[in-house]
Amino acid sequence: MNDNRAVERLVIATGVSSVVTQLLLLREFLSQFQGNEFTLSLIFFSWLLLGGIGTWLARLVRRFHCVSLLGLVVFSLLLALISPFEILAIRYLRDILFIPGVAVGFYPTLACIFFITLPCGLLVGFVLPYSLYVLRSREPMYPGARLYMLDNIGDVCGGALFSFILIRFVSPLQASFLASSVLLLSAFYAVPSEKRYKSVCLLPTIIVLVVLLCTLALEKHSLQPFEGNLVYYRESRYGRVTVHGEKEQFTLFIDGVPLYSSQNRQQAEEIIHYPLSQLDSPRSVLLIGAQSGVMQELEKYKLAKTDYLELDPQVTLVQFRYKLLTRIPGLNVIHQDGRLFLSQTDNKYDAIILNLPEPNTFQINRFYTATFFFLVSRHLRPGGIFSFTVNGYDNYLARPQQEKISSLYKTVSQYFKELLVLPGGTVCFLGSDSQLDPDIPALLAEKDIPTQYISNLFYGNVTLMRQDYLKEKLLPDIRINSDTSPFLLSVMFRQWFSRFSSSPTPFYVISGLLLIVYLARSRLEECVLFSTGFVTMGSESLVILVYQIFFGYVYEQIGLLVTVFLLGLLPGARIGEYLRFKNRNIMWLIRLDVLLVVSLTLFLFVLVYKPLVLQPAVLLGFGFLLSTLCGCQFPLALSLGGNDNSAAVRTFSADLIGAAYGTLVTTLILVPFFGIIWAVAALLSLKLCNVLLLVCSGMQFPKKLVKG
Amino acid sequence: MMKALNRRQFISCSCGAAYLAVAGSAGAALWPFNKEDRQDGADDIRGTIFKGDAPEKLWKWHKEGFSYVRLKNSRVMCKICPNRCTLSPGDRSVCRSKVNMDGTLYSLAYGNPCSVNIDPVEKKPLYHFKPQTLAFSIATTGCSFRCLNCQNWEISQAKPHEVDHYDLFPAKVVEEAEKAKAASIAYTYSEATTYYEYMIDTARLAREAGIANIWVSNGYINTPPLLELCKVLDAANVNLKSYNDAIYRKLNGGRLHPILNTFKTMHEQGVHFEMTNLVVPGYVDDPEMLKKMCGWILENLGPDYPLHFLRFYPLYKLSRLAPTPLSTLESFRAIAMEEGIHYAYVGNIPGHPGSNTYCHNCKKLLIKRVGYTLPIMNIKEGRCTFCDTVIPGVWD
């Protein structure tokens, strides 16, 4: 029994370590590859799928009768050892496999994610059922649901540990070291108490610990840029902040992408003078994000007040430290989400200048939607101006860009009487209720404001012919970009694929075929858990998106949301375990599914008709309810399969594979292409189908499962 | 006798096969020799032909290739550029513009420019050719290279039917250029060599109409078609992307030697040209390589052809590098001039004094460039107004 306690502790430690590793790998891939939802979903998808396969593979071990506590210890040591190496593999292989400085396309990214996460993903999936075998070899009636709960406890602890502590205080390799150490110690503690075993295991444990310690020395080395020097590096809550110095130039990189360089005058001039030249005597400006050099340009207007909003304090710290920005009189730096700030303040401005990256993630897309533009229009003084820029084109406006610019034009034109779009490498949108003049150099000359780029190159680059070309190319019948239907995201995804001359279709087809084969061989209880995993992960992704849209990107609260999701699984599993003993499991499964359907219907109704009801507490409660219902179904589905080892493995796999597909389909297909409302409707429909399947199949089960 | 599979074994096998397919496709994505995606991870990103990709029928905007040979089995070999694409019927060339239709090579980029603009000639960049005049600039789709930092990838890496285009056959181009009062027609943006037939037909008509012709190119062209082109060419800006064949293959998908031949041919033919070197950090910013490049230029072309050092900005696929530091460009200009190049400029930096022209003899300021305007001009009839030295270029 004491040995079982040690194994249980090891299961919890595995949960902690696996979640921390997963989050670290996630951040690493986002930094080294592409920080968009595709990468995010591919990581979740690969991780969960590999976990499912690992779980399924555990059956083979059972078949060959090689289950032992010592085996579990060895697998745990291996797991502890490979986590930091996977992080290092991502960093070092990036520049070996690909040309340094090059962005990586979808399929090479998929391949890297799949193969690099393969050892860890498979092992994590494998260790859980293997632990069950070990526990049952000592206690044959050991309940699978209890193991599920222990794993969840580990997951909750790992998630909370990472989100609230590790991310703030330690680097990725240090975090990996700490998580692996917990696993290592738990594994050593679980070694059978006979002296012989302890002494045999001591040396490998020490070796692994030393190797882990050695990896810490590689943190900075593994992040050295291909060109120049790494002069600053911090992991902020929002991503990796690095500054590369080369000669006199400093460039700020966020997640591996160069954002601002200390020598980029042209963009700073465009961003500031295009809008401010339109105003007679601007006094107050709100900057949401800031390009390097903008403060020097702002200073030319002698403003009374400049509010600069930046979500990440690390970013402003380096911007001022490396002179990407200078402090000007009246400057007020505010570290807050831009949307959140505008929804809470009563301030009005002469100009609001949005200077954020392209809308290629859900988080950034929120700043290019109808709701945001409306919010901006409410915070402008009469005659005030709003401006933003997006990547443009040099000589030809290709289709995805054309759709992006047209959609933005249509969306923003709803809230401003006058709208001016200036073509170029970056396309600038200016919106106001007053007349706008495209002759920017003339306006600046009137104000006696000197510039380098605009005064001398504007007429040659932004010719009337180019302005007319852009106007002609605007598509009138284009969808607007809204919070709940983020059309721009689908455009940006298509643009990403066209850049690499590839298409996601082969991936979707192969994944779909795999799914069909899997479902064809699944039993009813596996289908139930598959759909539950699918709907729960899909819905939870949606709740996070809705939360961000309504309340801004607040790191702690998003972390809290994820923790609550994981936490909900625990009482769920407890209740499910209780219901299992009451028999009539299939009826309970149907009832729980109906509850899920009702919850999703309510969510859909509120989203469409009463969105104001969706306050943080409501979303937290909804997330908790979803995961509780999901957790509840696990023991019931497990008992339908017979509660033997093989059934446990199958249900674990089904849950993980369902979650993998739920993430993928919801984030990459449903939301970008159909919007949040239709995404909820689709998840709802899937669950309804599941209820029907359960009702129709109910007759095939033993009577006691149906009637008790 | 083969043992029959039961349902369970069959499904397990199917599952395994499907899993292998996913793993295989993921692995194939990393394999460095994939056709069009092989830039990810390989040292040679040169393009390959598109098998069976030709349209079923020719469209209105086609022309039989001017320079190709017919081979056995209805195959053809295009002789315009060093790629020398050998196409079976139904195949499309590396540049995406040429197809083999039943044993005849056709260009599908003829009279269908997708980009038409009127630019200052300084934008090409050409600093020693008809300053402060306008260039009527056209481009169709297509490129013989696969540059990772292409500024115009939406058209250079596209096929003719994939873009919106104008209907502008050669005579109409000349007419429009005259209307716009352009001193020249520039064949630019994508790679003009890929629409060679369209370019040369237009250039011949333009020459007759007294309009100059400008070729803006990567210089990847075979000597015979280049010699033909030189007969109607007034100026060119040709990229010398680096002086290293390995970097050419890695970043651009081309080779260095043919480009050096292009410079030599143009020099021999007396065409005014200027060279552009985009200084990509980590790849093309090696001063030793620059010195070798200058040595070759001085030995084979002389010191008079202007050399532009352009600032790199992260673009297209090469989007995870910092821009070139200004001091790198300044030092490159200084090195080039120390080595003996008479006219070296820095570009892509508004208002930088390195874009001014100084007399190579008396070192006085000849042209002050502020963007596209020239507030100071001290060249008269092609000579320095201070020391009467002939300044290379076309100044009328």
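Thresholds applied
- Residues numbered from 1 in each chain as written.
- Chains lettered and ligands numbered in written order.
- Predicted model: local features only at pLDDT ≥ 70, side-chain atom pairs only at ≥ 80, totals over all residues.
- Helix = DSSP H or I, 4+ residues; strand = E, 2+ residues; numbered from the N terminus.
- Buried ≥ 20, exposed ≤ 12 C-beta atoms within 10 Å, placed from the backbone.
- Contact = placed C-beta atoms within 7 Å.
- Pairing = 2+ DSSP bridges.
- Domains from an automatic or database assignment.
- Nonpolar A, V, L, I, M, F, W, Y, C, P; charged D, E, K, R; others polar.
- Expected span 1.5 Å × (residues − 1).
- Bend = angle between axes of the 7 residues up to and from the residue.
- pLDDT = per-residue confidence, 0-100.
- Axes fitted to C-alpha atoms, helices over the stretch in contact; angles between N-to-C directions.
- Parallel < 35°, antiparallel > 145°, perpendicular 65-115°, else oblique.
- Left-handed = near helix turned anticlockwise from the far one by under 90°.
- Core = buried A, V, L, I, M, F, W, Y, C linked by C-beta atoms within 7 Å.

## Points about the overall build of chain B
- Along the backbone of chain B there are nine helices and 19 strands.
- Expressed as a percentage of its 396 residues, the buried residues of chain B come to 53%.
- The contacts of chain B with a sequence gap of at least 6 include a subset with a gap of at least 24, amounting to 69%.

## Observations concerning the overall build of chain A
- A count of helices and strands for chain A gives 25 helices and 11 strands.
- With the principal axes as the frame, chain A shows a C-alpha extent of 90 × 55 × 45 Å.
- Burial analysis of chain A (708 residues in total) assigns 54% to the buried set.
- Sequence-distant contacts, at least 24 apart, represent 81% of the contacts inside chain A between residues at least 6 apart.

## So, the sheet that holds strand β17 (residues 373–377) of chain B
Residue and element names in this part refer to chain B.
- Read from one edge to the other, the open sheet built from three strands follows the order β15-β16-β17, with strand pairing classed as antiparallel. Where the open sheet ends on each side, the last strands, each with one partner, are β15 (357–358) and β17.
- Note: β15 against strand β16 (residues 365–370), two bridges, orientation antiparallel. Residue pairing across strands places Thr357 opposite Ile367, the latter belonging to β16.

## Digging into the domain arrangement of chain A
- For chain A, the assigned domains are domain 1 (1–223), domain 2 (224–257), domain 3 (264–482) and domain 4 (504–708).
- Computed over C-alpha atoms only, the centres of domain 2 of chain A and domain 4 of chain A are separated by 41 Å.

## Some points on the interface of chain B and chain A
- In this complex, chain B contributes 54 residues to the contact, which on the side of chain A involves 57 residues.
- Elements supplying a minimum of two residues to the side of chain B that touches chain A: α1 (7–30), β7 (115–120), α2 (153–156) and α9 (326–339) of chain B.
- Broken down by element, the side of chain B that touches chain A gets its largest block of residues, 11 residues, from α1 of chain B.
- By residue class, the composition of the side of chain B that touches chain A is 28 nonpolar, 17 polar and nine charged.

## Thoughts on helix α5 (residues 144–169) of chain A
- Compared with an ideal rise of 1.5 Å per residue, which puts 26 residues at 38 Å, α5 of chain A spans 36 Å between its outermost C-alpha atoms and is within 8% of the ideal.
- At Phe162 of chain A, α5 of chain A shows its strongest bend, of approximately 45°.

## Things to note about the domain arrangement of chain B
Residues and elements named next belong to chain B.
- Here chain B is partitioned into domain 1 (115–354) and domain 2 (356–396).
- Each of domain 1 and domain 2 has a C-alpha centre, and these two points are 22 Å apart.
- Listed per partner, the contact involves 18 residues of domain 1 and 11 residues of domain 2.
- Residues of the side of domain 1 that touches domain 2, tallied by class, amount to eight nonpolar, five polar and five charged.

## Section: the confidence of the model for chain B
Residue and element names in this part refer to chain B.
- In the predicted model, chain B carries a mean pLDDT of 91, and 89% of its residues have values of at least 70.
- Residue range residues 29–41 is modelled with pLDDT below 50. Its contacts to residues more than four positions away, or to other chains, number 36 contacts.
- Interface scoring of the predicted complex returns ipTM 0.87; its pTM is 0.89.

## A word on the packing of helix α14 (residues 399–413) of chain A against helix α18 (residues 487–499) of chain A
Residue and element names in this part refer to chain A.
- Here α14 crosses α18 at 160°, and the two axes come no closer than 9 Å. Classed by the angle they form, the pair α14 and α18 counts as roughly antiparallel. The chirality of how α14 crosses α18 is left-handed. Of α18, the residues touching α14 (which contributes Pro400, Gln401, Glu403, Lys404 and Ser407) are Phe487, Leu488, Val491, Arg494, Gln495 and Ser498.
- Per-class residue counts for the contact of α14 with α18 are four nonpolar, four polar and three charged.

## A word on the environment of Asp280 of chain A
Residues and elements named next belong to chain A.
- The topology assignment puts Asp280 in the loop between α8 (265–276) and β5 (284–288).
- On the neighbour-count criterion, Asp280 (8 C-beta atoms within 10 Å) is exposed.
- A C-alpha to C-alpha distance of 69 Å links Asp280 and Leu77, two positions 203 residues apart in sequence.

## Here we look at the sheet that holds strand β3 (residues 76–78) of chain B
All names here are of chain B.
- Strand order in the open sheet formed by three strands is β2-β3-β4, with antiparallel pairing between adjacent strands. Of all strands in the sheet, those with a lone pairing partner are β2 (68–70) and β4 (86–87), marking the two edges.
- Inspection of the sheet shows β3 paired to β4 by two bridges, in the antiparallel sense. Each bridged residue has a counterpart across the sheet, and for Val76 the counterpart in β4 is Leu87.

## Focus: unusual backbone geometry
Residues and elements named next belong to chain B.
- Of note, the amide linkage connecting Lys124 to Pro125 takes the cis form, showing an omega dihedral of -5°.
- Within the secondary structure layout, Pro125 lies in the loop between β7 and β8 (134–139).
- In this model, Gln132 sits at a positive phi of 60°, which is unusual for a non-glycine residue.
- On the secondary structure map, Gln132 appears in the loop between β7 and β8.
- Classification of Gln132 as partly exposed rests on a count of 13 C-beta atoms within 10 Å.
- Non-glycine residue Lys363 carries a positive phi angle of around 65°.
- When you line up the elements, Lys363 lands in the loop between β15 and β16.
- By the C-beta count within 10 Å, which is 11 here, Lys363 ends up exposed.

## Let's talk about the packing of helix α3 (residues 69–97) of chain A against helix α6 (residues 172–190) of chain A
Residue and element names in this part refer to chain A.
- Direction vectors running N to C along α3 and α6 enclose 175°, while the axes themselves pass 9 Å from each other. Of the possible angle classes, the one that applies to α3 and α6 is roughly antiparallel. Counting all contacts with α3, which are made through Leu69, Val73, Ser76, Leu77, Leu79, Ala80, Ser83, Pro84 and Ile87, the residues of α6 involved are Pro172, Leu173, Ser176, Phe177, Ala179, Ser180, Leu183, Leu184, Ala187 and Ala190.
- Residues that form the contact of α3 with α6 fall into these classes: 15 nonpolar, four polar and no charged.

## Observations concerning the pairing of strand β11 (residues 426–432) of chain A
Residue and element names in this part refer to chain A.
- Within β11, six of the seven residues are buried, leaving the element largely enclosed by the surrounding structure.
- Where strand β9 (residues 380–391) and β11 come together, seven bridges link them in antiparallel fashion. When the sheet's bridge partners are listed, Asn391 is paired in β11 with Thr426.
- By the bridge criterion, five bridges tie strand β10 (residues 418–422) to β11 in an arrangement that is antiparallel. Bridge pairing in β11 links Leu420 to Leu430.
- In this structure, the hairpin formed by β10 and β11 is closed by a connection of three residues, where Gly424 is found at a positive phi of approximately 150°.

## Digging into the nonpolar core
- The biggest cluster of nonpolar side chains holds 328 residues, and the ones touching the most others in it are Ala660 of chain A together with Ile185 and Ile214 of chain B.
- The element that contributes the greatest number of residues to this core is helix α24 (residues 645–697) of chain A, accounting for 20 residues.
- Not counting residues within four places of it along the chain, the set of residues in contact with Ile214 of chain B comprises Lys124, Leu126, Ala135, Ser184, Ile185, Ala186, Tyr187, Asp234, Ala235 and Ala236 of chain B.
- By size, the runner-up hydrophobic cluster in this structure holds six residues, among which are Leu366, Ile367, Cys384 and Ile391 of chain B.

## A look at the pairing of strand β2 (residues 239–246) of chain A
Residue and element names in this part refer to chain A.
- Buried residues dominate β2, accounting for seven of its eight residues.
- Of the pairings in the sheet, the one linking strand β1 (residues 229–236) to β2 comprises seven bridges and is antiparallel in character. Bridge pairing in β2 links Ser236 to Gly239.
- Alignment of β2 against strand β3 (residues 249–254), held across six bridges, turns out to be antiparallel. Across the sheet, Thr242 pairs through a bridge with Phe253, a residue of β3.

## Some words on the confidence of the model for chain A
- On average, residues of chain A score 89 in pLDDT, and 96% of them reach the 70 mark or higher.
- Contacts for the low-pLDDT stretch residues 702–708 of chain A, under 50 throughout, to residues beyond four places or in other chains number 15 contacts.

## Here we look at α14 of chain A
Residues and elements named next belong to chain A.
- Over its 15 residues, α14 extends 21 Å from the first C-alpha to the last, a length consistent with the 21 Å expected when each residue adds 1.5 Å.
- Most of α14 sits inside the fold, with 11 of its 15 residues counted as buried.
- Those residues of α14 lying buried are Gln401, Glu403, Lys404, Ile405, Ser406, Ser407, Leu408, Tyr409, Lys410, Thr411 and Val412.

## As for the environment of Asp164 of chain B
All names here are of chain B.
- Among the secondary structure elements, Asp164 is positioned in the loop between α2 and α3 (170–179).
- On the basis of neighbour counts, which here come to 13 C-beta atoms within 10 Å, the residue Asp164 falls in the partly exposed class.
- Each C-alpha atom of the pair Asp164 and Gly354 lies 38 Å from the other, and the pair is 190 residues apart in sequence.

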